[in-house]
Amino acid sequence: MGEGITRRSLTAAAIAASVTACAPERRASPGTLFGRAVSFTPPRSPWEEQWDWFKANLAKDPTIQIDYFNRGETGGEEQQLFDLRRGRATLAGPSLQGLASVVPELTIAMAPFLFDSEEEVDFVYDNYLLEVCRPLFAAKGLYLMQWVEVGWTNLYSNGPVIHPRDAIGLKLRGSPNRAAQEFLRAIGADSVPLASVDIVPSLQTGLITGGLGATVFHYFATRRYATDFTLTKHSYDTGAIVMNAAWRGQATPAQRQTLDAAWMPSPQARASVRGLTAFALEEMRKEGIRIHELDPALRAEWAAATAGVAEGLIARIGGQSRLVYEAILEGKAAFAALNRSGQP
């Protein structure tokens, strides 16, 4: 495994070097801020639309010049974040699962069956987790700008997986973060940690027979390689727009204001992803993909099979994990209180 990671890292580094070497020499006035944005964004997806929105807003300021590598050209999320922390990239849009490799405490937010609704997720992330997490990012030399919608994590497979026991022995892909790995182990699957850029080749070669993914991402990236899609909705992946803090510090106040306001506003970005979820599910049904929904009894069965994962993650990760977990619980309680009082 170590050799494989080394080869991927060397390949990504070589690509990044070649991109730099081939980039045209630019002439700019003093004070121009140059940067490199990296991500793995499926074409024609809502996230591509959001990146286009970001590019259009930054293009209005000629003193900010960004090169974009949004197809995973520089490697998977692990490599992208490695480059981001070292200044080889200056801006990234990774998933929360990828970010947890740098800020391990984020893993707690992906513990199974922690959230019950999208409205609860939005409330907790916006009102409790953003300010709790920003110092954790700052300690890693990163600036957390904004959460980005990804959606409920579900399970795709070749063959129905309706009960947790149906996953026993299956080779399923989960991101390398501990929450995904512990979830798969809890249901008895043979967990195969893979970066996003490695999923499709692994499905094609049979290295894996399924995995974990959000509905819209699965529709755009992996649906052709799975016969079944189970709406476990066991975890919520939000993603984020993150900057190299030192690079952001080089920007003028006006440039920072432009950068911070350039991404699509959260309500609109969330709606662009969530609005496609029902469409994606219907299209998959039309294509003959079997969609399995969990009734309350089945959801309780999955929750029971994975009970204790959150406390186990807190014990293993340490750091500020307990603080993040308690912030989530506090936010959930506040959301429940608002619902009881009838406030919007």
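Residues numbered from 1 in each chain as written. Predicted model: local features only at pLDDT ≥ 70, side-chain atom pairs only at ≥ 80, totals over all residues. Heavy atoms only, no water.

Caption draft 1: Layout of helix 2 (residues 46-59). Under the 1.5 Å per step criterion, the end-to-end length of helix 2 is 20 Å for 14 residues, consistent within 8% with the ideal 20 Å. The secondary structure elements touched by the buried residues of helix 2 are strand 1 (33-38), strand 2 (64-69), strand 3 (91-92), helix 8 (215-221), helix 10 (253-262) and helix 11 (266-286). (Helix = DSSP H or I, 4+ residues; strand = E, 2+ residues; numbered from the N terminus. Expected span 1.5 Å × (residues − 1). Contact = heavy atoms within 4.5 Å.)

Caption draft 2: Spatial organisation of the side chain of S235. Inspection of the secondary structure assignment puts S235 in strand 9 (residues 228-237). On the accessibility criterion, S235 (6% relative accessible area) is buried. Within the structure, the side chain of S235 is placed 3.0 Å from the backbone oxygen of M110, a separation counted as a polar contact. Leaving out residues up to four positions away in the same chain, S235 has contacts with M110, G151, W152 and T153. (Buried < 20%, exposed > 50% of the residue type's maximum accessible area, 1.4 Å probe, protein only. Polar contact = N/O pair within 3.5 Å; in protein donor to acceptor, adjacent residues only side chain to side chain.)

Caption draft 3: Inspection of the packing of helix 5 (residues 118-138) against helix 14 (residues 321-341) at higher detail. Across the interface, helix 5 lies against helix 14 with an axial gap of 9 Å and an inter-helix angle of 150°. Regarding the angle of helix 5 to helix 14, the classification is roughly antiparallel. The interaxial crossing formed by helix 5 with helix 14 has right-handed handedness. Note on element contacts: helix 14 touches helix 5 through L323, V324, A327, I328, E330, G331, K332, A334, F335 and L338, opposite E119, E120, F123, V124, Y128, L129, V132 and L136. Within the contact of helix 5 with helix 14, the residues separate by chemical class into 13 nonpolar, 1 polar and 4 charged. (Axes fitted to C-alpha atoms, helices over the stretch in contact; angles between N-to-C directions. Parallel < 35°, antiparallel > 145°, perpendicular 65-115°, else oblique. Left-handed = near helix turned anticlockwise from the far one by under 90°. Nonpolar A, V, L, I, M, F, W, Y, C, P; charged D, E, K, R; others polar.)

Caption draft 4: Region of the structure containing the nonpolar core. Ranked by internal contacts, the top residues of the largest apolar core, which has 46 residues, are L106, F115, Y125, L129, F137, W147 and I328. Counting residues per element, the ones that place at least two in this core are helix 3 (77-85), helix 4 (96-99), helix 5, strand 4 (142-147), strand 10 (240-244), helix 13 (309-317) and helix 14. With 9 residues, helix 5 is the single largest residue contributor to this core. Leaving out residues up to four positions away in the same chain, I328 has contacts with I108, A109, L114, F115, V124 and L129. Membership of the second largest hydrophobic core comes to 27 residues, among which are I64, I66, A251 and A262. (Core = buried A, V, L, I, M, F, W, Y, C linked by side-chain atoms within 4.5 Å.)

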